[in-house]
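Okay, here's what each chain looks like letter by letter:
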4 protein chains.
Amino acid sequence: MSETRPPGLGEFRLLVSGPEHPGLSAAVSGALAEQGADVVRFDQLTPAAPAPADHAGPTSYLRAAFRVEEPGTGVPLVEQALHELLDGKGMTWTISDASAPKRMIILASRSDHCLLELLWRHRRGELAAEIPLVISNHRDVQAGVEFFGIPFVHVPSGGEDKSASEAEILELVRGRADLVVLARYMQVLSEDFLRAIGAPVINIHHSFLPAFVGAGPYRKAWERGVKLIGATAHYVTPELDAGPIIEQDVARVDHTYGPKDLQKRGAYVERAVLSRAVQAHLEDRVVSRDGRTVVFE
Amino acid sequence: MSETRPPGLGEFRLLVSGPEHPGLSAAVSGALAEQGADVVRFDQLTPAAPAPADHAGPTSYLRAAFRVEEPGTGVPLVEQALHELLDGKGMTWTISDASAPKRMIILASRSDHCLLELLWRHRRGELAAEIPLVISNHRDVQAGVEFFGIPFVHVPSGGEDKSASEAEILELVRGRADLVVLARYMQVLSEDFLRAIGAPVINIHHSFLPAFVGAGPYRKAWERGVKLIGATAHYVTPELDAGPIIEQDVARVDHTYGPKDLQKRGAYVERAVLSRAVQAHLEDRVVSRDGRTVVFE
Amino acid sequence: MSETRPPGLGEFRLLVSGPEHPGLSAAVSGALAEQGADVVRFDQLTPAAPAPADHAGPTSYLRAAFRVEEPGTGVPLVEQALHELLDGKGMTWTISDASAPKRMIILASRSDHCLLELLWRHRRGELAAEIPLVISNHRDVQAGVEFFGIPFVHVPSGGEDKSASEAEILELVRGRADLVVLARYMQVLSEDFLRAIGAPVINIHHSFLPAFVGAGPYRKAWERGVKLIGATAHYVTPELDAGPIIEQDVARVDHTYGPKDLQKRGAYVERAVLSRAVQAHLEDRVVSRDGRTVVFE
Amino acid sequence: MSETRPPGLGEFRLLVSGPEHPGLSAAVSGALAEQGADVVRFDQLTPAAPAPADHAGPTSYLRAAFRVEEPGTGVPLVEQALHELLDGKGMTWTISDASAPKRMIILASRSDHCLLELLWRHRRGELAAEIPLVISNHRDVQAGVEFFGIPFVHVPSGGEDKSASEAEILELVRGRADLVVLARYMQVLSEDFLRAIGAPVINIHHSFLPAFVGAGPYRKAWERGVKLIGATAHYVTPELDAGPIIEQDVARVDHTYGPKDLQKRGAYVERAVLSRAVQAHLEDRVVSRDGRTVVFE
């Protein structure tokens, strides 16, 4: 769930993660209070984890949404306090300005259900982003994109050798995106590309991962005779379909569904799962650490 | 979800609610920090509400789970600090000792599915309560209760005039319960009884309230031809089935279900919904205010 | 679920309902067999019902999807056989040609989420209908409709006296629609209008009926503090929000949702519920009788 | 959903599967009609399947629930007709007497949530079976079983060499069970055992198969960071966790769940999924063919 009141000028979000240490919430909220920050929401937790044998110890996560009367002076002072508090203790933290929408570039192929859902939610004001560009290797989706007033660029996928098309996409994206979304973009991206892109990449996989990794998951699901089909939104890492999961959901199916029916039914799960994951990311509610995510409500 | 680590000696939970005021989280976590409290979880929020025309202004809710090395001295000092911070500002607050299980007395009638589910979850260690007593107006459930080693008392419902049976129950309950659970107890309790009982009362209603208030909800659901049936756990207030809702859920049904089938299917929803509501209450995750509840995860 | 193979020339659907009588399935499938019909799917059931005191006795429902090699001669012969079998026994029956898409006219107001969902599913080939027209009392949705290549007509709602606008809509719809869908059309239709329209009308109500009948259901849901919100698709009858329910669903919400958040979240339930109800109707899977529906899977 | 009216003397269920052939429903319902059978429910379908390249062609499935006035003579005549109709065409079929409860033997280990759920549903009259015996390799569950009046036998699992314990179980089960249910029985059964047991075996696996095959699925689920956990009921085949799936379901979890929390939460999904699968089997609603199941509603 997003913040409970509309973000206005001067609303910020702080995300912190790192090794558990006592007094974290007091230190952070003290630093906020000192700058007169009005805390709208504050969540701090230390999730359960298996025995320390294979893990380094508990990790704490903290998220605060707060408003500052004079952002120009207040936020730098909060930041300075956090540097003193958290740096050197293995903590990672960011502060985002809720009034500055993230730049989100979407890549799609021929299937447009995930793409259109994002554009439609964006137009309704439910995704706090600006969309400078949609890129696709198919012209089929162009009219749909342009109807929403979003610029469209066609980058053919280029057969076996993807280096040219990847280079072209890099040129378009690098420095212009805070987030890249693969909205059923049916090309596997190279490790080099992922290293160079300079922004987190969210993908939607059309199965309940880790079941049915790779191509043709609905066909595989039919063959296995599952009674539910699913979709998984995750951050992309070099290993195929193995990145940290942000959101998953399923739908009930039965024996009357052939592989094509599973695909049709699954499309509705995919678009919902991807949208919810993108929204959570845009609202600074996701922390990814050690291959897993914490998604604040 | 319960705390993420097992409650041990010296773990406490603080619940606060009241008119929004800036610096609440800082003040509270500062007071905790000052006593060396180790904060396991900290949640503070100010839910959205309609325009102030009909509401007095935003309300803030705060929950903290924390550990104190020396509870005997630490907690009183925290309490003293909170008195100074919160009293006189319209704030309500409580601190509970997580290691002191609440005393829960259960009232049931002939249907035992909700009752047995509570006893079974209790035995598994999933409900942090002790159960001094189960009271029923039917002897049918006695053997099932005693199998779990819980004392059972039969109080016949006494026909039209319930004052005698209510008096008998009051005698058994008053001063011996921190929570009373109506696990499909099919008697309407009088306003006098509720005033005298001295503990919150949780009821399970076998419909998705506010649909189908009162008796015979499955029959009414069948007549209306609904495609989902539901159950609602709520705190009991004098007005029938109108108290603050803690938890609800539904199950899908179809045209093949007659009224009796709805009742059978519904039993599984009822026992799950009641158990989750009771668990939330026992873990000090529920705040009830202005006829509505906040249920911390 | 739709038929398991694509409807081709010569695929038909039979729906039968009426008082239970032995031998119904044998008689019907015998009549089909005699004409060389290839039965793709055959469902017959007699749902449970309360005691005959208040009901006239069990009702049987039957649906058959079948293919006939020579529709021009085969289907009339099937129809003749069914006349002999079923007429005079209180049975109601229809045969529909699966290759003849129904004509569906949609009425909408300003909110376009249900409307666009229907148009989008239609374009994907998931709704077996042709859409001759969309009518709205707001011009806001015009561009979205025309993007899908569907004609749009603006009929202002005309304030207090709706008779002029209803007459205009009747003029546009009568004789041109097999189904009328109210996709969040925020006007109550008069009894005269419903009598004159000559086609079934499906409405989406933005609550889990029978909870929150009438206007402002999300505001009412917020006030009652429900933990799930819902939507209901039903056939329209003169009594407000009381017609036979075709489909319902819910979504989980919590205390962080204000009334506006409930409305946003609910929009996704509404569009899914309405689409599924419309699809079921278009595939001749719904029988409405005695204020309740049977929806074949 | 079970039959819509209580099974009485003379109610039977027919299950048929095999290569599609026209006139199947007519032939079968004709044979039933000829013997004066009163058909309560009749379902026939030919599910969609991928191209015939890798499959032998469409398969048809048929289920009929019917009542016969004089079972002693009527049913044998129906059977004779079906022999003539279906044998020699690759069709498989069975007729079961709904009034003759199947004999179900349950194997369990220490975790009793699935076991007790089955016993409890059985006592409520929701599982049409008799339970001659529960076998466990742990004495912990004995008192719970005997409370329900069911005989209990302890068969220690016998360490590395399971042949002795398997032989002992075979001795107890063979010829005395129509169905064997593994209610969280934590021993892998040998191929020899499965060949010798002479009854279908249903297992509950504590993950959403095919994800997390084998031991420790909740730990694996935690490591992968999934947002839903699941359970799968399937017929047991020699290949581990690869048999035909009867039922699956999931529950939502989040980052606050450690592996032990997943296990606790999962227990509720397991017991529901196993119970529904067992109920479907007992009501002759499951056909297993080519590694997949058809589950009639």
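Since the structure is predicted, the reported quantities are computational estimates derived from the model, not experimental observations.

The rules we used
- Residues numbered from 1 in each chain as written.
- Chains lettered and ligands numbered in written order.
- Predicted model: local features only at pLDDT ≥ 70, side-chain atom pairs only at ≥ 80, totals over all residues.
- Heavy atoms only, no water.
- Pairing = 2+ DSSP bridges.
- Helix = DSSP H or I, 4+ residues; strand = E, 2+ residues; numbered from the N terminus.
- Axes fitted to C-alpha atoms, helices over the stretch in contact; angles between N-to-C directions.
- Contact = heavy atoms within 4.5 Å.
- Buried area = accessible area lost by both parts, 1.4 Å probe.
- Salt bridge = Lys/Arg side-chain N within 4 Å of Asp/Glu carboxyl O.
- Polar contact = N/O pair within 3.5 Å; in protein donor to acceptor, adjacent residues only side chain to side chain.
- Nonpolar A, V, L, I, M, F, W, Y, C, P; charged D, E, K, R; others polar.
- Least-squares fit on C-alpha atoms with pLDDT ≥ 70 in both.
- UniProt positions renumbered as here; feature names shortened; annotations may be inferred.
- Patch = residues over 30% accessible without salt bridge, like charges linked within 9 Å, V, L, I, M, F, W, Y side chains within 5 Å.
- Areas by Shrake-Rupley, 256 points an atom, 1.4 Å probe, with all protein chains shown as cover.
- Buried < 20%, exposed > 50% of the residue type's maximum accessible area, 1.4 Å probe, protein only.
- Domains from an automatic or database assignment.
- Right-handed = clockwise from strand over helix to strand, strands pointing away.

(A) Main features of the sheet that holds strand β6 (residues 129–136) of chain A. Residues and elements named next belong to chain A. If you walk across this open sheet you meet the seven strands as β7-β6-β5-β8-β9-β10-β11, and the pairing is mixed. Edge positions in the sheet fall to β7 (152–154) and β11 (245–252), since each of these pairs with one other strand and no more. For this sheet, the mean inter-axis angle between neighbouring strands, taken without regard to orientation, is 20°. With five bridges connecting them, strand β5 (residues 102–108) and strand β8 (residues 179–183) associate as parallel partners. Across the sheet, residue I105 finds its bridge partner in β8, namely V180. Lying on the sheet, helix α3 (residues 113–123) is in contact with β5, β6, β8 and β9 (201–205); it crosses β6 at an angle near 160°.

(B) Highlighting the interface of chain D and chain A. Taken together, the contact between chain D and chain A spans 41 residues of the former and 41 residues of the latter. Across the chain D to chain A interface the summed buried area is about 3,500 Å²; carbon plus sulfur atoms make up 58%. Taken as a group, R224, H255 and R292 of chain D account for 21% of the area that chain D buries against chain A, more than any other trio of residues on that side. Counting the contacts that link chain D with chain A gives four salt bridges. A salt bridge links R252 of chain A to D249 of chain D; the shortest N-O distance between them is 3.7 Å. Counting every contact that joins chain D to chain A gives 16 residue pairs in polar contact (both at pLDDT 80 or more). At the level of secondary structure, the elements contributing two or more residues to the side of chain D that touches chain A comprise α7 (217–224), β11 (245–252), α8 (259–282) and β13 (292–295) of chain D.

(C) Spotlight on the interface of chain C and chain A. Taken together, the contact between chain C and chain A spans 22 residues of the former and 22 residues of the latter. Roughly 2,200 Å² is buried in total at the junction of chain C and chain A, and carbon and sulfur atoms are behind 52% of that figure. Between the two partners, chain C and chain A, sit four salt bridges. Here R123 of chain A ties to D112 of chain C by a salt bridge, and the two come within 2.9 Å at their closest N and O atoms. For the side of chain C that touches chain A, the secondary-structure elements that each account for two or more residues are α3 (113–123), α4 (142–147) and α8 (259–282) of chain C. Taken together, the residues that form the side of chain C that touches chain A break down as eight nonpolar, four polar and ten charged.

(D) Just the environment of G214 of chain A, in detail. Residues and elements named next belong to chain A. You can see G214 is positioned in the loop between β9 and α7 (217–224). The spatial distance from the C-alpha of G214 to the C-alpha of V188 is 9.7 Å, given a sequence separation of 26 residues. The contacts of G214, once residues within four sequence positions are left out, are H205, K220, L240 and D241.

(E) Region of the structure containing the relation of the copies chain C and chain A. Superposing chain C onto chain A takes a rotation of 180° combined with a translation of 0.0 Å along the rotation axis, leaving an RMSD of 0.0 Å. As the rotation angle and translation indicate, the two copies are arranged about a two-fold axis. Using C-alpha coordinates, one finds that chain C approaches the rotation axis most closely at F147 of chain C, a distance of 3.8 Å. Mapped onto chain A, 100% of the interface residues of chain C again fall at the interface, so both copies present the same surface.

(F) Structural view of the UniProt feature "active site" (unreviewed entry) in chain A. What UniProt calls "active site" (unreviewed entry) maps, in this numbering, to D241 of chain A. By the element assignment, D241 of chain A lies in the loop between β10 (228–235) and β11. When near neighbours in sequence (up to four residues on either side) are disregarded, D241 of chain A contacts N203, H205, L209, V213, G214 and H234 of chain A together with R224 of chain D. A polar side-chain atom of D241 of chain A sits 3.4 Å from a polar atom in the side chain of H205 of chain A.

(G) Expanded view of the pattern of salt bridges. Per the counting criterion, the structure on display carries 84 salt bridges over all chains. Across the pair E270 of chain B and R184 of chain B runs a salt bridge, and its minimum N-O distance is 2.6 Å. With E270 of chain B in helix α8 (residues 259–282) and R184 of chain B in the loop between β8 (179–183) and α6 (191–197), this residue pair connects regions lying 86 residues apart in the sequence. By sharing partners, the salt bridges in this structure join E117, R121 and R271 of chain A together with E117, R121 and R271 of chain C into a single network.

(H) Quick peek at a nonpolar patch on the surface. Residues and elements named next belong to chain A. Together, V188, V213 and L240 make up a nonpolar patch on the protein surface, roughly 240 Å² of accessible area in all. Tracing the backbone through its elements, the reader meets V213 in the loop between β9 and α7. Given a relative accessible area of 37%, V213 falls into the partly exposed group.

(I) View of the side chain of R13 of chain C. Mapped onto the elements of the fold, R13 of chain C is located in strand β1 (residues 11–19). In this structure the side chain of R13 of chain C is engaged in a polar contact, spanning 3.5 Å, whose partner is the backbone oxygen of L282 of chain C.

(J) Up close: the environment of K260 of chain B. With respect to the element layout, K260 of chain B can be found in helix α8. Distance from K260 of chain B to R219 of chain B, taken between C-alpha atoms, is 8.2 Å for residues 41 residues apart in sequence.

(K) Region of the structure containing the domain arrangement of chain A. Residues and elements named next belong to chain A. Taken domain by domain, chain A holds domain 1 (11–97) and domain 2 (102–295). A separation of 30 Å is found between the C-alpha centroids of domain 1 and domain 2. Listed as interface residues are eleven residues of domain 1 and, on the opposing side, ten residues of domain 2. Together, the buried faces of domain 1 and domain 2 total about 850 Å²; carbon and sulfur atoms form 53% of this surface. It is R13, L15 and Y61 in domain 1 that bury the most area against domain 2; as a group they hold 53% of the surface buried on that side. Residue D284 is joined to R13 by a salt bridge in which the shortest nitrogen-to-oxygen separation is 3.1 Å. Applying the counting criterion to the domain 1 and domain 2 interface returns six residue pairs in polar contact (both at pLDDT 80 or more). Every element with two or more residues in the side of domain 1 that touches domain 2 is listed here: β1 (11–19), β3 (59–67) and β4 (92–97). Along the lines of polarity and charge, the residues of the side of domain 1 that touches domain 2 split into three nonpolar, six polar and two charged.

(L) Inspection of the pairing of strand β9 (residues 201–205) of chain C at higher detail. All names here are of chain C. Burial of β9 is extensive: five of the five residues sit out of reach of the surface. A two-sided burial pattern is seen for β9, the buried positions comprising V201, N203 and H205 on one face and I202 and I204 on the other. Each parallel crossover has a hand, and the one from strand β8 (residues 179–183) via helix α6 (residues 191–196) to β9 is right-handed. As paired strands, β9 and strand β10 (residues 228–235) are joined by four bridges and run antiparallel to one another. Counted as the bridge partner of H205 is T232 from β10.

(M) Main features of helix α3 (residues 113–123) of chain D. All names here are of chain D. α3 sits mainly inside the fold: nine of its eleven residues count as buried. Every buried residue belonging to α3 is among H113, C114, L115, L116, E117, L118, L119, W120 and R121, and all of these are buried. Two residues or fewer after α3 comes G125, characterised by a positive phi angle close to 80°.

(N) Spotlight on unusual backbone geometry. The omega angle of the peptide bond from L209 of chain B to P210 of chain B is 10°, so this bond is cis rather than trans. Along the polypeptide, P210 of chain B turns up in the loop between β9 (201–205) and α7 (217–224). Of note in this structure, D284 of chain D is not a glycine but carries a positive phi near 55°. Mapped onto the elements of the fold, D284 of chain D is located in the loop between α8 and β12 (286–289).

(O) Representation of the sheet that holds strand β3 (residues 59–67) of chain C. Spatially, eight strands are ordered β4(C)-β1(C)-β3(C)-β2(C)-β2(D)-β3(D)-β1(D)-β4(D) in an open sheet, and the strand pairing comes out antiparallel. Pairing within the sheet leaves two strands with one partner each, and these edge strands are β4 (92–97) of chain C together with β4 (92–97) of chain D. The average angle at which neighbouring strand axes cross in this sheet is 15°, direction not considered. Sheet topology places strand β2 (residues 38–45) of chain C next to strand β2 (residues 38–45) of chain D; five bridges connect them, and they run antiparallel. Opposite Q44 of chain C, over in β2 of chain D, you have F42 of chain D as the bridge partner. Each of β1 and β4 of chain C is contacted by helix α2 (residues 71–86) of chain C, which is oriented at about 175° to β4 of chain C, the strand it contacts most.

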